[in-house]
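Each chain, letter by letter, is given below.
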Amino acid sequence: MGHHLRFIFLVCLGLTVGWTHQINVTVDHSILLPCQVKFSTRPINLKNLYVYWQDNNEKVLFHYDEGKVLSENQNNLYKNRITASENNLAFGNISIKMERLTIQDNSKTVCAYYKEKIGEQNLVKCVCKSTIFVSVPFLKPELSVNNTAMLASCTTRGGFPQPELTWNHTFQNTSNNRIMKRSEAGNTIRTVEQNGTYLVESAVTVTGSLSVTCRVTNPTSKQIVSNTINFNEAHGTSKTWIIVGGVIVLVVIVGVIMACKYRYMISPCTNTGHDGRAAGGVNGVDGGGGQPVENLNLMEITPLRRRGNGDIPD
């Protein structure tokens, strides 16, 4: 009970900050919250040392008193994540190591309180102060273009905190790149996903552009990821597919024509009877050799003349 009452009393005291420190860290990594309160070649008696670390929400990260760690005052958010070296504590280095940083640790300010219980001195001061900034790297943007609407779309996700997204254009009338103004950058939507990371989607009109680059910057880690599309290459690819498609269609048409011609050449040209001879005889006259009688003009056959009494001989 004595420890708890003393802890509450010390939290309410006026605080004096010695120095501040800003720490940038990637999620799941570890950091050292530094604090050196004195420089001495002789160790102090840890029984007389009182140290605790607290965040800006008055949640305790670490509490050390009378030569031992008091884990009962440690908030559950920091359980099994905070360590300190007693050897360092004895020489005035009250730094602590914080492990497995999460997005929930972002923007927290933590303060180290220190006192050596010597005589009647009871004042506890915030001697070191640090602010933590956590980041998560963004994936390389996915860039696509609607050639009909001349609209470029950029999508990236998985990062933290909210990034800066800009469009960089190369226009046909200049060889210099220029960063588009925000009003030109189209509509950008930033959505917080269930794990706390951001999904970022943006679109911009690209009429008249030779190329366009989507650039995403993480403000904490300064990480930059980008993707570029060249419209000449995109258009060339489309034309290539059109040419390939046309060649395929032409080959199919030529193949069909050749197949029909070949089939016509191997088909029989006449109809044959059961005896294998041509059925081209006229009035029982054989066409000869099974071949059809050609150029037979029945009108040129001379009629037989009557004799004597006009009877036709048998």
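Here, every reference points to the structure presented above.
What this report covers is the structure whose coordinates are included nearby. (Residues numbered from 1 in each chain as written. Predicted model: local features only at pLDDT ≥ 70, side-chain atom pairs only at ≥ 80, totals over all residues. Heavy atoms only, no water.)

1. So, the overall build of the chain
Assigned secondary structure in the chain consists of three helices and 17 strands. Counting across all 314 residues of the chain, residues that qualify as buried make up 33%. Expressed as a percentage of contacts within the chain between residues at least 6 apart in sequence, the contacts between residues at least 24 apart total 60%. Split by element, the accessible area of the chain, about 20,300 Å² in all, is 53% carbon and sulfur. (Helix = DSSP H or I, 4+ residues; strand = E, 2+ residues; numbered from the N terminus. Buried < 20%, exposed > 50% of the residue type's maximum accessible area, 1.4 Å probe, protein only. Contact = heavy atoms within 4.5 Å. Areas by Shrake-Rupley, 256 points an atom, 1.4 Å probe, with all protein chains shown as cover.)

2. Quick look at the pairing of strand β4 (residues 60-65)
Consecutive residues of a regular strand have side chains that alternate between opposite faces of the sheet. Within β4, six of the six residues are buried, leaving the element largely enclosed by the surrounding structure. What sits between the antiparallel neighbours β4 and strand β5 (residues 68-69) is a turn of two residues, in which glutamate 66 has the positive phi angle 55 degrees. (Pairing = 2+ DSSP bridges.)

3. Examining a nonpolar patch on the surface
On the surface, Ile248, Val252 and Val256 cluster together into a nonpolar patch covering about 270 Å² of accessible area. Its place among the elements puts valine 252 in helix α3 (residues 231-266). Classification of valine 252 as partly exposed rests on a relative accessible area of 48%. (Patch = residues over 30% accessible without salt bridge, like charges linked within 9 Å, V, L, I, M, F, W, Y side chains within 5 Å. Salt bridge = Lys/Arg side-chain N within 4 Å of Asp/Glu carboxyl O.)

4. Topic: the nonpolar core
Membership of the largest hydrophobic core comes to 49 residues, with the highest contact counts inside it found for Leu33, Trp53, Leu61, Met98 and Trp167. Top element by residues in this core is strand β9 (residues 125-135). It accounts for four residues. Once you skip the residues sitting within four places of it in the chain, leucine 33 turns out to touch Ile23, Trp53, Leu61, Ser95, Ile96, Met98, Val110, Ser130 and Ile132. Grouped together as the second largest cluster of nonpolar side chains are six residues, Tyr52, Cys111, Tyr113 and Cys126 included. (Core = buried A, V, L, I, M, F, W, Y, C linked by side-chain atoms within 4.5 Å.)

5. Some words on the packing of aromatic side chains
Considering all chains together, one arrives at four aromatic pairs under this definition. Ring plane angle 80 degrees and centroid distance 5.9 Å describe the contact between tyrosine 50 and tyrosine 52, whose orientation is recorded as edge-to-face. Neither tyrosine 50 nor tyrosine 52 differs from the other in exposure class; each is buried. Both rings, one in phenylalanine 62 and one in tyrosine 64, keep their centres 6.4 Å apart while their planes meet at 15 degrees; by these two values the pair is stacked. Residue tyrosine 64 is classed as buried on the basis of its relative accessible area of 0%. Among the aromatic residues, ring-to-ring pairing joins Tyr50, Tyr52 and Tyr113 into one connected group. One residue, lysine 115, lies across the ring of tyrosine 50, its end atom 5.8 Å from the ring centre. (Phe/Tyr/Trp six-rings, centres within 6.5 Å; stacked < 30°, edge-to-face > 60°. Lys NZ or Arg CZ within 6 Å of the ring centre and 35° of its normal.)

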